[in-house]
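Spelled out from the first residue to the last, the chains are:
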Amino acid sequence: MTLTKNKYYFEALDNYPYSLPECLEALNYALSYDPEDADSLCLMGRIYSEMLSDYEKAKLYFEEAMQCDVTNLNVPQYYISCLIDNEDYHEAEKLIDYSLKIKGIDKATLWFYRSLLSEKRGSFVNALKFLDESAKYCFTEYSLNVVKNRKKFIKSKMPKKKKMKKEKETK
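Keep in mind that what you see is a predicted model, and the values were worked out from it rather than measured.

Before going further, it helps to spend a moment on the side chain of S134. Note that S134 resides in helix α8 (residues 124–136). There is a polar contact of 2.8 Å between the side chain of S134 and the backbone oxygen of A108. Sequence-distant contacts of S134, that is, excluding residues within four places in its chain, are made with A108, W111, F112 and V147.

Let us look at α8. Each full turn of the α-helix corresponds to 3.6 residues, which orients residues three or four apart in the same direction. Given a rise of 1.5 Å per residue, 13 residues ought to cover 18 Å, and the 19 Å separating the end C-alpha atoms of α8 matches this to within 8%. Regarding α8, the residues found buried are F124, A127, L128, F130, L131 and S134. Looking down the long axis of α8, one finds its buried residues gathered within 165° of arc, a one-sided arrangement. Along α8, the residues that are exposed and aim more than 90 degrees away from the buried face are V125 and K136. Here the buried face of α8 lies against α7 (107–120) and α9 (141–157).

Moving on, we come to the pattern of salt bridges. Think of it this way: side chains of opposite charge can pair up when their charged atoms draw near. Here the structure, examined in full by the defined rule, presents 12 salt bridges. Here R121 and E93 are joined by a salt bridge, their closest N and O atoms 3.0 Å apart. Linking R121 in the loop between α7 and α8 with E93 in helix α6 (residues 89–99), this pair joins segments that are 28 residues apart in sequence. With relative accessibility at 40%, the residue R121 sits in the partly exposed group. Among the residues examined, E93 registers a relative accessible area of 22% and is labelled partly exposed. For E119, the salt bridge is made with R150, and the minimal N-O distance between the two is 2.7 Å. Here the residue E119 occupies a position in helix α7, and R150 occupies one in helix α9, the gap between them amounting to 31 residues. Residue class for E119 comes out buried when judged on its relative accessible area of 6%. Linked through salt bridges whose partners overlap, the residues forming this network are E56, K59, D88 and E91.

Before going further, it helps to examine the nonpolar core. Core analysis: the biggest nonpolar cluster contains 41 residues, and L27, L43, F62, V75, I80 and I84 have the highest contact counts within it. Going through the elements one at a time, α1 (2–15), α2 (20–33), α3 (38–51), α4 (55–68), α5 (75–85), α6 and α7 are the ones with two or more residues in this core. The element that contributes the greatest number of residues to this core is α3, accounting for seven residues.

Once that is clear, we can look at the packing of α3 against α5. Running from N to C, α3 and α5 point in directions that differ by 20°, and their axes come no closer than 10 Å. Here α3 is positioned roughly parallel relative to α5, judged by the angle of their axes. The way α3 lies across α5 gives a crossing that is left-handed. Packed against α3, whose contacting residues are A38, C42, R46, S49 and E50, the element α5 presents V75, Y78 and C82 at the interface. Among the residues forming the contact of α3 with α5, the class breakdown is five nonpolar, one polar and two charged.

The rules behind each value
Residues numbered from 1 in each chain as written. Predicted model: local features only at pLDDT ≥ 70, side-chain atom pairs only at ≥ 80, totals over all residues. Heavy atoms only, no water. Helix = DSSP H or I, 4+ residues; strand = E, 2+ residues; numbered from the N terminus. Polar contact = N/O pair within 3.5 Å; in protein donor to acceptor, adjacent residues only side chain to side chain. Contact = heavy atoms within 4.5 Å. Expected span 1.5 Å × (residues − 1). Buried < 20%, exposed > 50% of the residue type's maximum accessible area, 1.4 Å probe, protein only. Arc of directions from axis to C-beta. Salt bridge = Lys/Arg side-chain N within 4 Å of Asp/Glu carboxyl O. Core = buried A, V, L, I, M, F, W, Y, C linked by side-chain atoms within 4.5 Å. Axes fitted to C-alpha atoms, helices over the stretch in contact; angles between N-to-C directions. Parallel < 35°, antiparallel > 145°, perpendicular 65-115°, else oblique. Left-handed = near helix turned anticlockwise from the far one by under 90°. Nonpolar A, V, L, I, M, F, W, Y, C, P; charged D, E, K, R; others polar.

Here it is as structure tokens:
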């Protein structure tokens, strides 16, 4: 039964996000074989979050996936992204703190999300600090470039010190 469930899960994953009807069909089969499969529940949450922007329904799937397997390495990153998109910042922060303790999880991604969270809250200095932490856990050139580009972007959003001095002098 596990092989059949895995077959349908991988079929669903292969079709996501390019062919959602086939993805959903395979995912429903996978969940019918094992309704507590964290990876299948996570993918269903991703569909609701990333494709349908139904964050509340997505959160239900992610929560169920976390309850079924609290050590799953895939669920937290997508759940955190959903929480940030839904502006549930406090919940996202708590989940990041918890997820950083999971052995084997991609810490670069979690610190990147922590940076995004700070940026959305308007704390650019903290966002840069968390990107520095993310860079420590980057083990590919691509992921390091993503972090570096994000740093440049955040710095471009920060007010310039010279402008601030001139504004203070004119007052």
